[in-house]
Amino acid sequence: MSQKADKLTPIMTGQPVIPVLKIERAANIVPLATALARGGLPAIEITLRTDEAIDAIRIAASEVPEAIVGAGTVLRARQYEEAVKSGSRFIVSPGMTQELLDAARSYEVPLLPGAVTPSEIMAAMEEGYKLLKFFPAEQAGGAAFLKALSSPLADVRFCPTGGISAANAGAYLSLPNVICIGGSWVAPDELVNDGKWDEIEALARKASQLGKK
Ligand code: 3PG
């Protein structure tokens, strides 16, 4: 029973922000992942919320060597398998189910499951998980909620996502139980659709400096 944290920790400590991407056209992923990596955010989470997501993972993993590609919104075991086979190096889920825990045991690729309430977090700890997603962060109580968990549940560290932007990122990154944050603000749909890769690189560069003293 463990999370393969040795694989997940370097990814989550390597940059303060993991871009959460919803890719409508797989053709966009090469310039997008390249721009994000150039800006200092090589690890990206491609969510399985679009028809082209798996293609995008496959293309990014094979054609953008500097990218560290993960799959997000993984809800079922068959999606876990598909994401791993497409080259994902980490798997993110908004929650934690027995089916996903079983799938995670079958692969070397680590799982970052979501948990919000103390009971959900304690259930994850019982399974050997100490790195958790916290989603939807802002709606669930935000940085104040996470701060309140840091004393009683001190062994767990979170990657909050949902409603985070440059404006409130600092409040999360200053918490002892936040290892990194995730968000879509570094790759807004308009900039992706218009192919404004330089602007995305600039947003990534700013995000990559967040939390630094
Ligand atoms: C996620 O999937 O982690 C979130 O939907 C990202 O949330 P955001 O779009 O509010 O950053």
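Data block above holds the structure.
One structure accompanies this document, and this report is about it. Computed from a predicted model, the values in this text were never measured in an experiment.

**Some words on the pattern of salt bridges**
When the charged atoms of two side chains with opposite charge come close together, those side chains can pair.
Item 1. If you walk through the whole model with that rule in mind, you get 8 salt bridges.
Item 2. Between Arg-76 and Glu-99 there is a salt bridge, with the nearest N and O atoms lying 2.9 Å from each other. Of this pair, Arg-76 sits in the loop between strand 3 (68–72) and helix 4 (77–85) while Glu-99 sits in helix 5 (residues 98–106), and the two are 23 residues apart along the sequence.
Item 3. According to the relative accessible area criterion, Arg-76 is partly exposed, its value standing at 43%.
Item 4. Note on Glu-99: relative accessible area 30%, which makes it partly exposed.
Item 5. For Arg-105, the salt bridge identified is with Glu-127, shortest N-O distance 4.0 Å. You can see Arg-105 sitting in helix 5 and its partner Glu-127 sitting in the loop between helix 6 (118–126) and strand 6 (131–134), a full 22 residues away along the chain.
Item 6. Residue Glu-127 is classed as buried on the basis of its relative accessible area, which comes to 18%.

**Quick look at the layout of surface pockets**
Item 1. In this model, the largest pocket occupies a volume close to 420 Å³.
Item 2. Along its surface, the largest pocket is lined by 25 residues, and Val-20, Leu-21, Lys-22, Ser-184 and Asp-189 are the ones closest to its centre.
Item 3. Of all the secondary structure elements, the ones that give two or more residues to the lining of the largest pocket are strand 1 (17–21), strand 8 (181–183) and helix 10 (189–193).
Item 4. For the lining of the largest pocket, the class distribution of residues is 10 nonpolar, 9 polar and 6 charged.

Reading guide: rules and limits
Residues numbered from 1 in each chain as written. Predicted model: local features only at pLDDT ≥ 70, side-chain atom pairs only at ≥ 80, totals over all residues. Heavy atoms only, no water. Salt bridge = Lys/Arg side-chain N within 4 Å of Asp/Glu carboxyl O. Helix = DSSP H or I, 4+ residues; strand = E, 2+ residues; numbered from the N terminus. Buried < 20%, exposed > 50% of the residue type's maximum accessible area, 1.4 Å probe, protein only. 1 Å grid on protein atoms, 1.4 Å probe; cavity = no way out; pocket = protein on both sides within 12 Å on 5 of 7 lines; lining within 4 Å. Points joined across faces, edges and corners; volume = space filled by probe spheres on them. Nonpolar A, V, L, I, M, F, W, Y, C, P; charged D, E, K, R; others polar.

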